[in-house]
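The residues making up each chain are set out below.
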Amino acid sequence: MQKIEEMEIQSSSDVVLVRQAVRQFAIELGFGLVDQTKIVTAASELARNTLDYGGGGTVTLETLQNGGRRGLRLTFEDQGPGIPDIELALKDGFTSGGGLGMGLGGAKRLANEFEIESVVGEGTRIIIVRWK
Amino acid sequence: MERIPILQMGEFLLVTIQVDMHDRLAMTLQDDLTNRISQTSANGVLIDISALDIVDSFIGRILGNIAKISQVMDAETVVVGMQPAVAITLVELGMSLTGIRTALNVEKGMALLQATVGSSANAQFTATEWDLEDDAED
């Protein structure tokens, strides 16, 4: 049965709660420890981006079933300023916020599927999927 | 205010991170450690992260900052106890923690600190204490 949960990301404590909820979903899906760690770390990076660059937003956690495969989809959405140059934002080392610039590119590497849509002035939506 | 405790052991400071840190807590730890190094003239810092389930780019950056700041203040930092799944994920994330000295566990980290900076009676005493609990893997 599909499980869906939407969470607010408005503070750095919410980022911790998102990590814990993603961990719980991954455990319920039977992910191994390394897969759990990868999806939780990716979620932490993206939740922080949503907070720091998007001015806060939401994440939706969804379990997926595709034939015999089970997976976890995370959708991060904000109504922030948007990303003018997505290619550039995905590059390692690129940062507009004083970080290391590992967040977006790193999260992409830790997921099996990665989609990003962003409109300047309207917001950003990032979807990642990790299959078991 | 929530804080990570910093213990003093001879000329070393010992930090065991046992909670899922939010970003502000990690920054508070960085500031607290800097102040404690200055107050105690510690010449070594050991950070045990064996209870951390993830190290993302932010926590990695804070660990790197602590290592750099302590170096400027004449103290060595060693990070110990990283879980294997965390190490695998960190490398894939693109962070290699360059410039941070690491050891597999607290015993080995203490030995590394002592070999690097420790020579006083306090440090010798600490070494004896840890040897008593030494595991059989060596």
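Just so we're clear, the structure is a prediction, and the values are computed from it rather than from any experiment.

Peer 1: Would you take a moment to explain the nonpolar core for this structure?
Peer 2: Across soluble globular proteins, you tend to see nonpolar side chains buried next to one another. In this structure, Leu74(A) and Ile47(B) are the most contacted members of the largest nonpolar core, which totals 65 residues. Counting residues per element, this core draws most heavily on helix 2 (residues 33-52) of chain A, which supplies 7 residues. Those residues in contact with Ile47(B), other than ones at most four positions away along the chain, are Val15(B), Ile17(B), Leu33(B), Leu63(B), Ile66(B), Thr77(B), Val78(B), Val79(B) and Val80(B). Core analysis: the second largest hydrophobic core is formed by 9 residues, Phe12(B), Leu14(B), Met110(B) and Leu113(B) among them.

Peer 1: What should I look at first to understand the confidence of the model for chain B in this one?
Peer 2: Regions with low pLDDT should not have their predicted coordinates read in detail. In the predicted model, chain B carries a mean pLDDT of 87, and the fraction of residues at 70 or more is 84%. Low confidence marks residues 120-138 of chain B, where pLDDT is under 50. Its contacts with residues over four positions away, or in another chain, come to 21 contacts.

Peer 1: Looking at this model, I keep getting lost on the interface of chain B and chain A. Mind explaining?
Peer 2: It is common to give the size of an interface as the accessible area that goes away when the parts come together. Counting residues at the interface gives 20 residues for chain B and 23 residues for chain A. With both chains or domains summed, chain B and chain A bury close to 1,900 Å², and 56% of this area falls on carbon and sulfur atoms. The interface formed by chain B and chain A contains 5 salt bridges. The salt bridge partner of Asp20(B) is Arg19(A), with a shortest N-O separation of 2.6 Å. The interface formed by chain B and chain A holds 10 residue pairs in polar contact (both at pLDDT 80 or more) in total. At the level of secondary structure, the elements contributing two or more residues to the side of chain B that touches chain A comprise helix 1 (23-40), helix 2 (57-72) and helix 3 (84-93) of chain B. The element that contributes the greatest number of residues to the side of chain B that touches chain A is helix 3 of chain B, accounting for 6 residues.

Peer 1: Mind showing me how you'd approach the sheet that holds strand 2 (residues 57-66) of chain A here?
Peer 2: Residue and element names in this part refer to chain A. Taken in spatial order, the 5 strands line up as 1-2-3-5-4 in an open sheet, and their pairing is antiparallel. Because the sheet does not close on itself, it has two edges, and the strands there are strand 1 (4-9) and strand 4 (113-119). If you compare each strand with its neighbour and ignore which way they point, the axes differ by 15° on average. As defined by bridge partners, strand 1 adjoins strand 2 across 6 bridges and the pair is classed as antiparallel. Bridge pairing links Glu5 to Leu61 in strand 2. With respect to the sheet, helix 1 (residues 12-28) is in contact with strand 1, strand 2 and strand 3 (69-78), its orientation differing from that of strand 1 by roughly 165°.

What counts, and where the lines are drawn
Residues numbered from 1 in each chain as written. Chains lettered and ligands numbered in written order. Predicted model: local features only at pLDDT ≥ 70, side-chain atom pairs only at ≥ 80, totals over all residues. Heavy atoms only, no water. Core = buried A, V, L, I, M, F, W, Y, C linked by side-chain atoms within 4.5 Å. Buried < 20%, exposed > 50% of the residue type's maximum accessible area, 1.4 Å probe, protein only. Helix = DSSP H or I, 4+ residues; strand = E, 2+ residues; numbered from the N terminus. Contact = heavy atoms within 4.5 Å. pLDDT = per-residue confidence, 0-100. Buried area = accessible area lost by both parts, 1.4 Å probe. Salt bridge = Lys/Arg side-chain N within 4 Å of Asp/Glu carboxyl O. Polar contact = N/O pair within 3.5 Å; in protein donor to acceptor, adjacent residues only side chain to side chain. Pairing = 2+ DSSP bridges. Axes fitted to C-alpha atoms, helices over the stretch in contact; angles between N-to-C directions.

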